[in-house]
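Secondary and tertiary structure notes
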Amino acid sequence: MQISSINDVKIYNLSHGKSLPEWLSDRKKRQLQKKDVDIQRRIELIQDFEMPTVCTSIKVSRDGQYILAAGTYKPRIRCYDTYQLSLKLIVAFDILSDDYSKLVFLHCDRYVEFHSQHGHYYKTRIPKFGRDFSYHYPSCDLYFVGSGSEVYRLNLEQGRFLNSLQTDAVEHNVCDINPVHQLFATGTSEVLLYDLRSSQPLLVKDHFYNLPIKSLNFHDPLDLVVSADSKIIKMWNKDSGKVFSSIQPQTNINEVCMYPKSGMLFTANEDPKMNTFYIPALGPAPRWCSFLDNLTEELEESPESTVYDDYKFVTRKDLENLGLSHLVGSSLLRAYMHGFFMDIRLYHKVKSMANPFAYEEYRKDKIRQKIEESRTQRVQLTKLPKVNKELALKLMEEGDDEAELASRKKKGKVVPSILGDDRFKVMFENPDYQVDEQSEEFRLLNPIVSKVGQKRKKKLRLLSQQAAEAQQEAEDEEEPEGRASSEEESSDDDKSWVEEVREQRRLLRQEDRERRLKRGRRPTNEASKTSNMSMGKKSSQPQFYQIKAGEEFRSFNDMARKQKLQKASLEERLKLEENSGISSVVDTAVGSKQITFTLKKSEQQKKQQQAERDHHAERKKLRRSAGHLSSARSRGRGRGRGRGRGRF
């Protein structure tokens, strides 16, 4: 059995199996069937389901019990009983009844012959040579197509020809009628889908093989049309023309027959074997072979066999090279086309004797393969991107880390690399994403990153050297073992990284102080220059200012400074506040910024706070001490209690 999948539709070829040469005797075939496992595993649904030479046509009765096939040579008709899975009788043609009791045959000489169960019944002729015909059960009409543009209609109830259907095609090769909606389809190298009530086609489907259409069938459950030419079988939607799936047998097709209410179809081929295909997507298996539903679930796809597995095809030149020209005409060679077939065991034995140095060649090939495998185990240098080369090399090292890959496999997660992810490819293409090694954030991590970067650069240089050496070495030379010696530096790194962090922080603080001093000097110089210029302008010409309503009168310099601050950017305002002591910026250990600032109070808030302070000071001055009252009260209470107790 052969399994193929087209458009995610599985197709099972039940007739596929190991092919045998035609010139083998029946005795040899039986012996192979006993010994060969592949032949024993073949599925034979119906016994003797084949023709002597070619099968030209195949049909299924309406009740599904009988399969009739026509073929040569000699011309014959075979009837198979599906309930018995065997041949019933050997008697071109259509089935007019539910079983095989009423048949009609279309001959090559324009004759149409009717048969009943007892044999020949009636014969008539059509105007032109016919190629196919279909029977319309509701009206008892036979539709014939052939070498002309007309579609002839023969009514079996009235016993006469009716008016023919006119088409634009020069000739027709095949036709069919859908039993559900009564659509009549006819085909040339294209498939024209007609409604019987209209003379215009509803849909035109081209096979693009420039071959005549051989067969047409309708599949009602999925609204499909199954059309076939001599090369391919196509299944497509009758409304949109979208292809559902296709089958391309090894031999030319003469006709396709769909088994009703199932996913099985039969093909008549230019070959003795009639193919049987089972497509579960079209429907279940027929009742008489329902075991296919369970069997197909367990089968796996098997490779297609080539010519004859047990025989080797050789030409005359091959025989001369092997020294077997004297065997031509003997039973050890079987002539076929431009060469001969010989037993595969004999071929291998003679080849080993004719070429005694084959083992040496085999040994050299193995050694060459081992060398290539060892070379592939080296670190393969890939082209680094133009932007962020150090980052790309770091990601490559992380991807090649075996420990990390093992840990990922244990967790059951496969994390893709950033280099292979399209979402991050801009980082290695756009220069705006280049890592700035002179920034404060980078310098805070520099004691750690710099050492790793130095190791990575050394490793990159060593890898490039190894790649250059590998290109120059010969095949028999041993592979150089290059390894970056980083073990001696690791101990020094562990001891000195703390000192480097401290040194880097000290340098950053020193640079920050220098920047602040420079910023403090520039505003004073600029202020003095601007004041001198403003004094000169004031002396030369007067200035006028507009005071807004409801605002207290202030100095004009304050208003000008406020307007200037409103127009300034946030960065400039922060710098001015930092110089004045209102805010301060501090760098943290991880490279972020920490800003502390004090809110500036309005004039009204300052006046209110000053009034509260004056009020509290005034209250403190007016407050009188009450300490003498508490001391006098304590003395009076003591004398009274003593006199009272003395009276008793």
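Counting restarts for each chain, with residues numbered from 1 along the sequence as it is written. Per-residue local features are limited, in this predicted model, to residues with pLDDT of at least 70; the limit for side-chain atom pairs, both in listing and counting, is 80 or more; totals at the level of whole chains, interfaces and linings are taken over all residues. With hydrogens and water set aside, each side-chain value is computed from the structure's full complement of heavy atoms.

1. Digging into the pairing of strand E21 (residues 233-237)
Along E21, four of the five residues are buried, which leaves the element largely enclosed by surrounding structure. Hairpin connection from strand E20 (residues 224-228) to E21: four residues lie between these consecutive antiparallel strands. A pair of strands is labelled paired if DSSP reports no fewer than 2 bridges between them. Secondary structure elements are taken from DSSP: a helix is a run of H or I of four residues or more, a strand is a run of E of two residues or more, and numbering for both begins at the N terminus. Relative to strand E22 (residues 243-247), E21 runs antiparallel, the two sharing four bridges. Residue pairing in the sheet places Trp 236 in a bridge with Val 243 of E22. Hairpin connection, E21 to E22: the antiparallel pair is bridged by five residues, and Gly 241 has positive phi, about 80°. Burial classes follow relative accessibility: with a 1.4 Å probe on protein chains only, a residue under 20% of its type's maximum area counts as buried, one over 50% as exposed, and anything between as partly exposed.

2. A look at the sheet that holds E20
Across a sheet, strands are paired by hydrogen bonds formed along the backbone, either parallel or antiparallel in direction. With antiparallel pairing, four strands are arranged side by side in an open sheet as E19-E20-E21-E22. Both edges of this open sheet fall to strand E19 (215-219) and E22, since each of them pairs with a single strand only. Neighbour-to-neighbour, the strand axes of the sheet open up by a mean angle of 15°, direction not taken into account. Inspection of the sheet shows E19 paired to E20 by five bridges, in the antiparallel sense. An axis is simply a line fitted to the C-alpha atoms; with a helix, the fit covers only the stretch in contact. Between two such axes, the angle follows the N-to-C directions and lies from 0 to 180 degrees.

3. Brief notes about the pattern of salt bridges
It is possible for side chains of opposite charge to pair when their charged atoms get near one another. Any Lys or Arg side-chain nitrogen located within 4 Å of an Asp or Glu carboxyl oxygen qualifies as a salt bridge. What the rule picks out here adds up to six salt bridges. For Arg 345, the salt bridge identified is with Asp 343, shortest N-O distance 3.2 Å. Residue classification places Asp 343 among the partly exposed positions, given a relative accessible area of 22%. Across the pair Arg 368 and Asp 365 runs a salt bridge, and its minimum N-O distance is 2.9 Å. Residue Arg 368 and its partner Asp 365 are located together in helix H6 (residues 358-376), separated by three residues, close to a single helical turn.

4. Focus: the environment of Asn 388
Note that Asn 388 resides in the loop between H6 and helix H7 (389-399). Through-space distance from the C-alpha of Asn 388 to that of Asn 430 is 9.6 Å; in sequence the pair is 42 residues apart. We call two residues in contact whenever any of their non-hydrogen atoms come within 4.5 Å of each other. Ignoring anything within four residues of it in the chain, the contact list for Asn 388 reads Met 427, Phe 428, Tyr 433, Gln 434 and Val 435.

5. Notes on the environment of Leu 89
When you line up the elements, Leu 89 lands in strand E6 (residues 86-90). Considering only alpha carbons, one finds Leu 89 and Cys 79, 10 residues apart in sequence, at a separation of 5.2 Å. Non-local contacts of Leu 89, meaning those with residues more than four positions away in its chain, are made with Ile 77, Arg 78, Cys 79 and Tyr 100.

6. Describing the packing of aromatic side chains
Each Phe, Tyr or Trp ring (for Trp, its six-membered ring) is paired with any other whose centre lies within 6.5 Å, and the angle between the two planes then decides the class: stacked below 30 degrees, edge-to-face above 60, tilted in between. Scanning the model with the defined rule gives nine aromatic pairs in all. Between Phe 49 and Tyr 80, the aromatic rings sit 5.1 Å apart at their centres with planes inclined by 65°, giving edge-to-face as the arrangement. On the criterion of sequence distance, the pair formed by Phe 49 in the loop between helix H2 (37-40) and strand E3 (54-60) and Tyr 80 in strand E5 (residues 76-81) is long-range, its members being 31 residues apart. Here Phe 49 matches Tyr 80 in class, with each residue buried. Both rings, one in Phe 114 and one in Tyr 122, keep their centres 6.3 Å apart while their planes meet at 35°; by these two values the pair is tilted. Residue classification places Tyr 122 among the partly exposed residues on the basis of a relative accessible area of 46%. Cation over ring: Arg 110 sits above Phe 129, and NZ or CZ is 5.6 Å from the ring centre. We call a charge positioned above a ring when the Lys NZ or Arg CZ atom is no farther than 6 Å from the ring centre and deviates by at most 35 degrees from the ring normal. Over the aromatic face of Tyr 111 sits the side chain of Arg 125, whose NZ or CZ is 4.9 Å from the ring centroid.

7. A few points about the pairing of strand E18 (residues 201-206)
Here strand E17 (residues 190-195) pairs with E18 via five bridges, running antiparallel. Residue pairing across strands places Glu 190 opposite Asp 206, the latter belonging to E18. Between the antiparallel neighbours E17 and E18 lie five residues.

8. Here we look at the confidence of the model for the protein chain
Note: pLDDT gives the predictor's confidence per residue, expressed from 0 to 100. Averaged over every residue, the pLDDT of the protein chain is 75; residues scoring 70 or more account for 69%. Segment residues 302-307 is flagged for pLDDT under 50; beyond a separation of four residues in sequence, or across chains, it makes 10 contacts in the model. This model gives residues 638-648 a pLDDT under 50, and the stretch forms zero contacts once residues within four places in sequence are excluded.

9. Re the nonpolar core
Side chains of a nonpolar character, in soluble globular proteins, are inclined to be buried together. For our purposes a nonpolar core is just a set of buried Ala, Val, Leu, Ile, Met, Phe, Trp, Tyr and Cys residues, chained together by side-chain atoms within 4.5 Å. Counting residues in each nonpolar core, the largest one holds 25 residues, and the members touching the most others are Ile 58, Met 264 and Phe 266. Of all the elements in the fold, those that place two or more residues in this core are E3, strand E4 (66-72) and strand E24 (264-269). When near neighbours in sequence (up to four residues on either side) are disregarded, Ile 58 contacts Phe 49, Ile 67, Leu 68, Ala 69, Glu 255, Cys 257, Phe 266, Thr 267, Ala 268 and Met 274.

10. What to know about unusual backbone geometry
With the exception of glycine, most residues fall at negative phi, and the peptide bonds are largely trans. Positive phi is not limited to glycine here, since Asn 7 has a value of about 60°. Looking at where Asn 7 falls in the secondary structure, it is placed in the loop between strand E1 (2-6) and strand E2 (9-13). A positive phi angle, close to 75°, is found at Arg 110, a residue other than glycine. Relative to the helices and strands, Arg 110 resides in the loop between strand E8 (103-106) and strand E9 (111-116).

11. Things to note about a nonpolar patch on the surface
Taken together, the side chains of Leu 570, Leu 574 and Ile 595 define a hydrophobic patch exposed on the protein surface, amounting to about 260 Å² of accessible area. Assignment of secondary structure puts Leu 574 in helix H13 (residues 570-580). Patch building starts from residues that exceed 30% relative accessible area and form no salt bridge, then joins like charges within 9 Å and nonpolar side chains (Val, Leu, Ile, Met, Phe, Trp, Tyr) within 5 Å. Using a 1.4 Å probe, accessible areas were evaluated by the Shrake-Rupley method; residue-level cover was limited to the displayed protein chains.

12. Structural notes on the side chain of Asp 141
In this fold, Asp 141 is placed in strand E12 (residues 141-146). By the criterion applied in these results, polar contacts are pairs of N or O atoms within 3.5 Å in which, for protein atoms, one can donate a hydrogen and the other can accept it, and in which residues neighboring in sequence qualify only through two side-chain atoms. A polar contact is formed between the side chain of Asp 141 and the side chain of Asn 155, at a distance of 2.6 Å. With sequence-adjacent residues up to four places away left out, Asp 141 is seen in contact with Ser 134, Tyr 135, His 136, Arg 153, Leu 154, Asn 155 and Leu 162.

13. Here we look at the sheet that holds E18
One open sheet holds the four strands; their spatial order is E15-E16-E17-E18, and the pairing between them is antiparallel. In the strand order of this sheet, the two ends are held by strand E15 (174-177) and E18, each with one partner. Pairs of neighbouring strands in the sheet enclose a mean axial angle of 15°, with direction left out of account. Of the pairings in the sheet, the one linking strand E16 (residues 183-187) to E17 comprises five bridges and is antiparallel in character. Across the sheet, the residue bridging to Gly 187 is Val 191, located in E17.

14. Things to note about the environment of Thr 56
Of note, Thr 56 is situated in strand E3. Excluding residues within four positions of it along the chain, Thr 56 makes contact with Ala 70, Gly 71, Asn 254, Glu 255 and Ala 268.

15. Let's talk about the side chain of Ser 262
If you trace the backbone, Ser 262 turns up in the loop between strand E23 (253-258) and E24. When its relative accessible area of 3% is taken as the criterion, Ser 262 is described as buried. Only 3.4 Å separates the side chain of Ser 262 from the backbone nitrogen of Met 264, close enough to count as a polar contact. Contacts of Ser 262, omitting those with residues within four sequence positions, involve His 219, Leu 282, Gly 283, Pro 284, Ala 285 and Pro 286.

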